[in-house]
Amino acid sequence: MLKLNRRLLMQQCLRHAHNQVRVRFAPSPTGYLHLGGLRTALYNFLFARHLDGKFLLRIEDTDQTRLVPGASERLVGDLLWAGIEIDEGPGFGGQLGPYVQSQRTMIYSKAIEELLQNGTAYRCFCTERRLDLLRKEALRTRQVPRYDNKCRHLKTAEIDSLLAKGTAHCIRFKLTDHEEPLDDLIYGKVYHNVSDTEGDPVIMKSDQFPTYHFANVVDDHLMGITHVLRGVEWQISTTKHLLLYKAFGWQPPKFGHLPLLVNADGTKLSKRQGDIGIQSFRERGYFPQALVNYVVSAGGGFEHKAHAKQELLTMQELFEQFHIDRVNSHPSRLNPELLDDLNRMEITQRLSNKESRFKLIHQVQELVKKAYPQHPNLDLAEDHIVDVLNWSSQRLTLIQDLTSSKLSFLWVKPSNFQLKNMTSEQVDVMLTLLNEIQDFQKEELNVKLKNFAQEQNIKFPLMMKALRAALSGLKEGPGVAEMMEILGKSVTLERLKEAVPKERIHLEQNQ
Ligand code: GLU
């Protein structure tokens, strides 16, 4: 008890002395972080940073049957990747831990004792079999299954005797039919009388593990949480949580429920769809800031500027501009095309900064090496990569797309291709001509190459075929002029020089 009191004291000090906002993200490690989870974590983080508060991570692992090994670590990895900083949490320090619920069982047992003593909770000895019969009977009479609160009325002597026999039991919370209004930060006033639809809920299972509702309330209180922002699917539970706060005599935090995140057509996003997992976005090559802006664009929370150009905001800009009262209360529709636009913007943004450009170049080098492990002769010069990225930022969505087979010519240098159908003098004229072009764009290149073929009396299609082979070693691919544009002037000239017929080089060397 002493320990619990010390905790309470510390938590009260934190809350009152600094009057600091404290929010938490409280995932269950039962799977991967998906878009919905990222949205909840992100809004909590933005809210905390906007108000100079703290963002906590708490792992809710009381349902031991649903645990997925490694899920917590991956979850943390995804949050950090997205740019969400954890102020307190497992492995991140903080004075009000532990931040993993399975390590807090003593705390819950003491809190349960408090409710048993003040008469707002009771022991329930009903067997699984009885509960099952109740459920079946409800279904038969087309009623919503609910516990009939039988054990509420057990006499002390009955309880003592059952306990003496070591009868398995759980602890239930006495729902009062007092309607506790919820003043939702996003939805406004919400009324729901839980006891109308539910029987007394289990707050501690017979295995001594608390249920979500109980542990969640105890922890939010002891961790000094001032605001709870979570998905709207929890809104019904919140009315129950308010009754628990009342039973303890605690001041509840403020609650705000975030609307459903849905597909562009209004259909539900499914957790089971692998492609809404943050890992999947990462693997496909989306950048974190693009993903964060994408999520925010659906959920709102910012001043709406009509007809304003879409921007890619930094995390700092996002939290400076965030306002909880601007969060939408209607379902948040995701627009995947926007994500692609945002990702292109992030490529451009990363190119404009020396440090991030360097990292991006390195990332591309690694991707290409992975895509062409057998090629000793890859074109991975930094300038070349920057040219390619500049070209691609208007056309491609993901840097991964740069390794598609259609674009292999960007990286794989052709070997032993010689320019046919042209004399060495003609090749010289062409190289000089190309060198003089300032704006190395496909339109201009096309005109110049056509004129050149005409002047030199070379068959244009044959010349283009030879150029394509010399530039890419391929028979097919983008138009030759476009290929030149993508490769840029210096790589184009370099590759064409490499393809000058060998006898000629031989001759030159002997001169
Ligand atoms: N553990 C719950 C979840 O998995 C937390 C809900 C809440 O934020 O209270 O979403």
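Each remark here, short or long, concerns the structure printed above.
All residues in the neighbourhood of the ligand are listed as R24, A26, S28, E60, Y212, N216, R230 and W234. Here S28 contributes a side-chain N or O atom positioned 3.1 Å from a nitrogen atom of the ligand. Within the contact set of the ligand, an oxygen atom lies 2.7 Å away from a side-chain nitrogen or oxygen of R230. Expressed as a share of its isolated accessible area of 300 Å², the protein-covered part of the ligand is 82%. Looking at the shell around the ligand residue by residue, the classes come out as 3 nonpolar, 2 polar and 3 charged.

Turning our eyes to something else, we now look at helix 8 (residues 212-222). Burial runs high along helix 8: 11 of the 11 residues are buried. Looking only at helix 8, the buried set comprises Y212, H213, F214, A215, N216, V217, V218, D219, D220, H221 and L222. The first or second residue beyond helix 8 is G224, which carries a positive phi of 70°.

Right, let's talk about the packing of helix 18 (residues 460-472) against helix 19 (residues 480-498) for a bit. Closest axis-to-axis distance for the helix 18/helix 19 pair is 10 Å, and the angle between their directions is 65°. Here helix 18 and helix 19 pass one another in a crossing that is left-handed. Here helix 18 contributes M464, L467, R468, A470, L471 and S472 to the contact with helix 19, which in turn contributes V480, M483, M484, L487, T492, R495 and L496. Per-class residue counts for the contact of helix 18 with helix 19 are 9 nonpolar, 2 polar and 2 charged.

The 3 strands are arranged 3-4-7 in an open sheet whose pairing can be described as antiparallel. Of all strands in the sheet, those bounded by a partner on one side alone are strand 3 (121-124) and strand 7 (202-204). Strand-to-strand twist of the sheet, defined as the mean angle between neighbouring strand axes without regard to direction, takes the value 45°. Relative to strand 4 (residues 170-173), strand 3 runs antiparallel, the two sharing 4 bridges. Each residue of the ladder has a partner; that of R123, found in strand 4, is I171. Running at roughly 130° to strand 7, helix 4 (residues 105-117) makes contact with strand 3, strand 4 and strand 7 of the sheet.

Before going further, it helps to spend a moment on the side chain of H257. Along the chain, the position of H257 falls in strand 9 (residues 254-258). Each residue touching H257, except ones within four places of it in the same chain, is listed here: L182, D184, I186, Y187, R230, G231, V232, W234, Q235 and T238.

The next point concerns the environment of F452. Inspection of the secondary structure puts F452 in helix 17 (residues 442-456). Classification of F452 by relative accessible area gives buried; the value is 3%. Residues F452 and V429, 23 residues apart in the sequence, show an inter-C-alpha distance of 8.8 Å. Excluding its chain neighbours within four sequence positions, the residues that come into contact with F452 are M422, Q426, V429, M430, L433, I458 and M463.

Moving on to the pattern of salt bridges. Scanning all chains against the criterion turns up 24 salt bridges. Across the pair R66 and D63 runs a salt bridge whose closest N-O atoms are separated by 3.9 Å. With a relative accessible area of 29%, D63 lands in the partly exposed category. Within the structure, one salt-bridge network assembled from shared partners comprises R24, R58, E60, R104, D219 and D220.

Below, the discussion takes up helix 4. Each turn of an α-helix holds 3.6 residues, which means side chains three or four residues apart point in the same direction. The terminal C-alpha atoms of helix 4, which comprises 13 residues, lie 18 Å apart, in line with the 18 Å expected from a rise of 1.5 Å per residue. The complete set of buried residues in helix 4 reads I107, Y108, A111, I112, L115 and L116.

Turning next to the packing of aromatic side chains. Summed over all chains, the structure comprises 8 aromatic pairs. Geometrically, the ring pair formed by Y43 and F322 is edge-to-face, given 5.4 Å between the ring centres and 75° between the ring planes. Of this pair, Y43 sits in helix 2 (residues 35-50) while F322 sits in the loop between helix 12 (315-321) and strand 11 (332-333), and the two are 279 residues apart along the sequence. In this structure, Y43 and F322 share a single accessibility class: buried. With a centroid separation of 5.9 Å and an interplanar angle of 85°, the aromatic rings of F45 and F55 are classed as edge-to-face. Of this pair, F45 sits in helix 2 while F55 is found in strand 2 (residues 54-57), placing the two residues 10 residues apart along the sequence. Joined through ring pairs, the aromatic side chains of F214, Y245, F248 and W250 make up one cluster. The residue whose ring lies beneath R172 is Y147, and the NZ or CZ to ring-centre distance is 3.6 Å. The cationic tip of R284 hangs over the ring face of F281; the distance from NZ or CZ to the ring centre is 4.6 Å.

Rules used throughout
- In this convention, every chain numbers its residues from 1, walking through the sequence in written order.
- Only residues with pLDDT of at least 70 get local features here, since the model is predicted, and only at 80 or more are side-chain atom pairs given and counted; chain-wide, interface and lining totals rely on the full set of residues.
- The side-chain figures draw on all heavy atoms in the structure; neither hydrogens nor water molecules are used.
- By convention in this text, a residue qualifies as near a molecule or strand provided that one of its non-hydrogen atoms is within 4 Å of it.
- Whenever a nitrogen or oxygen atom comes within 3.5 Å of another N or O atom, the pair is scored as a polar contact, on the condition that within protein one atom can donate a hydrogen and the other can accept it, and that pairs from neighbouring residues in sequence are kept only if both atoms are in side chains.
- Note on areas: Shrake-Rupley with a 1.4 Å probe; residue coverage comes only from the protein chains shown.
- Residues are sorted three ways: Asp, Glu, Lys and Arg are charged, Ala, Val, Leu, Ile, Met, Phe, Trp, Tyr, Cys and Pro are nonpolar, and all the rest, Gly among them, are polar.
- Only protein chains enter the accessibility calculation, which uses a 1.4 Å probe; a residue whose area is less than 20% of its type maximum is buried, one above 50% is exposed, and one in between is partly exposed.
- Helix and strand assignments follow DSSP, with helices taken as H or I runs no shorter than four residues and strands as E runs no shorter than two, numbered in order from the N terminus.
- Axes here mean lines fitted to C-alpha atoms, for a helix over just the part in contact, with angles spanning 0 to 180 degrees between N-to-C directions.
- Left-handed is the label given to a crossing in which the near helix is rotated counterclockwise from the far helix by less than a right angle, and right-handed is the label when the rotation is clockwise.
- Working rule for contacts: check all heavy atoms of both residues, and any pair within 4.5 Å makes them a contact.
- Paired strands, in this sense, are two strands between which DSSP finds at least two bridges.
- By convention in these notes, a salt bridge is any Lys or Arg side-chain nitrogen within 4 Å of a carboxyl oxygen on Asp or Glu.
- To estimate the expected span of a helix, count its residues, drop one, and scale the result by 1.5 Å.
- Two rings belonging to Phe, Tyr or Trp (six-membered ring only in the last case) form a pair when the distance between their centres is within 6.5 Å. Interplanar angles under 30 degrees mark stacking, angles over 60 mark edge-to-face geometry, and anything in between is tilted.
- Charge over a ring is defined by NZ of Lys or CZ of Arg lying within 6 Å of the ring centre and within 35 degrees of the ring normal.

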